[in-house]
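Each chain, written out:
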Amino acid sequence: MLGIIGAMDEEVSKIKEEMTEVRVVNKAGMQFFCGKLAPKSVVVVRSGIGKVNAALCSQILADDFAVSAIVNTGIAGSLKNEINIGDIVLSTDAVQHDMDASGFGYALGQIPRMDTLAFAADESLLSLAEACCKEVNPEISVWRGRVVSGDQFIDKKEKKQWIVQNFGGSCTEMEGAAIAQAAYLNQIPFLIVRAISDKADDSANMDYQEFEAAAIQHSVKLLLAMAERY
């Protein structure tokens, strides 16, 4: 069973519209929609915002639904000028920018007593998503890169530059690395999919409603294609 965690209500609702044989399980204030997407068994859920919600949601997927993989979809801010609004970033790995135990000798972003700084995404999921996105969303660019997460809304150019200098990421948001950590600890393959909502240098603008509608359409197309071939 494939677990799909969505960040936006609208996005989750569009995916649910494509599902059949649906049953709903309520837990921890979340609704887990279990059923079929294309020919595959899936469970779709909106986690809520932030790392704690995201990690809790991922653990429920592991414990209660025994998912074979987790795909997390949502939006993020670009950390590279060449990554434009509306493009999609697929995680190579994920790290938490607001974890700082450097006073104990750990690298910035590393969780104490864990054996890795960044959590690597599953290469087969990454390759599948990349191929599917190029096929169903040819009008946008798809990028591989590091997703950098923290419980902060990053809207300042200076903060973005700090994140790039310390972590070298492609985009920043608030949930992905927590899902990655939970997946890593449970030995579940994962992938983070992010539609880009703003430029790294704040040079480009787009009406947010226009962006959101396009991002949802692109993400749903991608997830449907992945579910068919997973």
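What counts as what
Residues numbered from 1 in each chain as written. Predicted model: local features only at pLDDT ≥ 70, side-chain atom pairs only at ≥ 80, totals over all residues. Heavy atoms only, no water. Helix = DSSP H or I, 4+ residues; strand = E, 2+ residues; numbered from the N terminus. Rg over C-alpha atoms; globule rule 2.2 N^0.38 Å. Buried < 20%, exposed > 50% of the residue type's maximum accessible area, 1.4 Å probe, protein only. Pairing = 2+ DSSP bridges. Axes fitted to C-alpha atoms, helices over the stretch in contact; angles between N-to-C directions. Parallel < 35°, antiparallel > 145°, perpendicular 65-115°, else oblique. Left-handed = near helix turned anticlockwise from the far one by under 90°. Contact = heavy atoms within 4.5 Å. Arc of directions from axis to C-beta. Salt bridge = Lys/Arg side-chain N within 4 Å of Asp/Glu carboxyl O.

J.: Can you walk me through the overall build of the protein in this structure?
T.: Summing up its helical and strand segments, the protein has 6 helices and 10 strands in all. Computed over C-alpha atoms, the radius of gyration of the protein comes to 17 Å, within 12% of the 17 Å expected from 2.2 N^0.38 for 230 residues, which places it in the range of a compact globule. Reported as C-alpha extents along the three principal axes, the dimensions of the protein are approximately 50 × 40 × 30 Å. By residue count, 52% of the 230 residues in the protein fall in the buried class.

J.: Is there a simple way to think about the pairing of strand β1 (residues 2-6) in this case?
T.: Working note: regular strand, side chains alternate between the two faces of the sheet. Most of β1 is tucked away, with 5 of its 5 residues classed as buried. Where β1 and strand β4 (residues 40-46) come together, 5 bridges link them in parallel fashion. When the sheet's bridge partners are listed, I4 is paired in β4 with V44.

J.: Just to check I follow, could you spell out the packing of helix α1 (residues 9-17) against helix α6 (residues 208-229) for this structure?
T.: Between α1 and α6, whose axes approach to 10 Å, the crossing angle comes to 40°. The angle between α1 and α6 places the two elements in the oblique class. For the pair α1 and α6, the crossing hand works out as right-handed. Facing E10, E11, K14 and I15 of α1, the residues of α6 in contact are E212, I216, S219, V220 and L223.

J.: For this particular structure, what's the right way to read the side chain of N137?
T.: Relative to the assigned elements, N137 resides in the loop between α3 (123-136) and β8 (142-149). Leaving out residues up to four positions away in the same chain, N137 has contacts with I88, C132, H218, K221 and L222.

J.: Hey, could you run me through α1 in this one?
T.: Each α-helix turn comprises 3.6 residues. Residues three or four places apart therefore point the same way. The complete set of buried residues in α1 reads E11, V12 and I15. Down the axis of α1, the smallest arc covering the buried residues is 95°, so these residues share one side. Among the structural elements, β1, β2 (19-27), β3 (30-37), β4, β5 (69-78) and α6 are those in contact with the buried residues of α1.

J.: Please clarify how the environment of S141 should be interpreted in this entry.
T.: For S141, the position within the fold is in the loop between α3 and β8. According to the relative accessible area criterion, S141 is partly exposed, its value standing at 35%. When neighbours within four sequence positions are excluded, S141 is seen to be in contact with D87 and I88.

J.: Can you help me understand the pattern of salt bridges in this one?
T.: Where charged atoms of side chains with opposite charge meet at close range, the side chains can pair. Overall, the coordinates contain 10 salt bridges when judged by the stated rule. The shortest N-O distance in the salt bridge between K27 and D64 comes to 2.9 Å. Placement of K27 in strand β2 and of D64 in helix α2 (residues 51-65) is noted, with a sequence separation of 37 residues between them. For D64, a relative accessible area of 40% corresponds to the partly exposed category. Taking the shortest distance from any N to any O, the salt bridge between R229 and E135 comes out at 2.8 Å. Remark: E135 occurs in helix α3 and R229 occurs in helix α6; sequence separation between them is 94 residues. On the basis of relative accessible area, R229 is assigned to the partly exposed category, the value being 40%.

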